[in-house]
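# Survey of secondary and tertiary structure
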Amino acid sequence: MATWPLFADQQLNAFQLVKDLGFAVEIKMDYHKDNDYIVSAKEIEIGLNNLVNMDNKMRKNIEEMKRISRKVMIEGGSSHSSLGKFIEDVINNISCKQEI
């Protein structure tokens, strides 16, 4: 994944993905509010080259998160249970509103 935050909370999300979790590479992490700032073709090229040539540690991090994510979504996993409860709650609330 490549990050290039433009506004709002994208800067925090990009920082977390690149620096904290090690799941992404940055195209440009500098956040500027003015519209006159232009990211150069060279900066984009460097970011994309980093993405294509990411190191084994980053690949391992991504594979580990993929494994964990799949595990929690199978039947009996924590996210599977939470999603089921959420859907059940939504359906129950829709039924209640229709009766009113």
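Residue numbering note: each chain is counted from 1, following its sequence as written. This being a predicted model, a pLDDT of at least 70 is required before a residue's local features are given, and a value of 80 or more before pairs of side-chain atoms are given or counted; all residues contribute to the totals for chains, interfaces and linings. The side-chain numbers reported here are obtained from all heavy atoms of the structure, hydrogens and water having been left aside.

## So, the overall build of the chain
Applied cut-off: Only DSSP runs of H or I covering at least 4 residues are called helices, and only runs of E covering at least 2 are called strands; the numbering of each starts at the N terminus. Throughout, exposure labels follow a simple rule: accessible area from a 1.4 Å probe, protein chains only, divided by the maximum for the residue type, with under 20% read as buried, over 50% as exposed, and the rest as partly exposed. What makes two residues a contact is simply this: any of their non-hydrogen atoms within 4.5 Å. Only the protein chains shown count as cover for residues, with accessible areas throughout obtained via the Shrake-Rupley method and a probe of 1.4 Å.
Tallying secondary structure elements over the chain gives four helices and two strands in all. Shown N-terminal to C-terminal, the secondary structure of the chain runs as helices and strands in the order β-α-β-α-α-α. Per-residue burial for the chain yields a buried fraction of 16% across its 100 residues. Relative to all contacts within the chain whose residues are 6 or more apart in sequence, the contacts with residues 24 or more apart total 33%. Carbon and sulfur atoms make up 57% of the accessible area of the chain, which totals about 8,100 Å².

## Details of the pattern of salt bridges
Our working definition: Any carboxyl oxygen of Asp or Glu that lies within 4 Å of a side-chain nitrogen of Lys or Arg is treated as forming a salt bridge with it.
Applying the stated criterion across every chain, the model contains three salt bridges. As a salt-bridge pair, E26 and K19 come within 3.7 Å of each other at their nearest N and O atoms. The partner of E64 in a salt bridge is R67, and the shortest N-O contact between them spans 2.7 Å. Here E64 and its partner R67 are both found in helix α3 (residues 56-73), three residues apart, which amounts to about one turn of the helix. Residue class for E64 comes out partly exposed when judged on its relative accessible area of 37%. Judged by relative accessible area, R67 falls into the partly exposed class, the value being 45%.

## Side note on a nonpolar patch on the surface
Counted only if it meets this: The patches described consist of residues with a relative accessible area above 30% and no salt bridge, like charges being joined within 9 Å and nonpolar side chains (Val, Leu, Ile, Met, Phe, Trp, Tyr) within 5 Å.
Together, M73, L83, F86, I87, V90, I91 and I94 line one region of the surface with nonpolar side chains, adding up to about 630 Å² of accessible area. Broken down by element, the nonpolar patch gets its largest block of residues, six residues, from helix α4 (residues 78-99). Relative to the assigned elements, F86 resides in helix α4.

## Focus on the environment of F23
Positionally, F23 belongs in the loop between α1 (10-20) and β2 (25-26). Between the C-alpha atoms of F23 and E63, which are 40 residues apart in sequence, the distance is 9.7 Å. Sequence-distant contacts of F23, that is, excluding residues within four places in its chain, are made with M1, L17, M58, N61, I62 and M65.

## Focus on the environment of S79
In this fold, S79 is placed in helix α4. When the C-alpha atoms of S79 and S69 are compared, they prove to be 8.7 Å apart, with ten residues separating the residues in sequence. Setting aside residues no more than four positions away along its own chain, S79 makes contact with V72 and M73.

## Examining the confidence of the model for the chain
We count it as follows: What pLDDT reports is the predictor's confidence in each residue, on a scale of 0 through 100.
Chain-level pLDDT for the chain is 84 on average; 87% of the residues reach the 70-or-more range. When pLDDT is averaged over each helix and strand of the chain, the minimum, 85, is found for α4 and the maximum, 90, for α3.

## Some thoughts on the environment of F15
Tracing the backbone through its elements, the reader meets F15 in helix α1. Spatially, the C-alpha atom of F15 lies 8.6 Å from that of E26, the residues being eleven residues apart in sequence.

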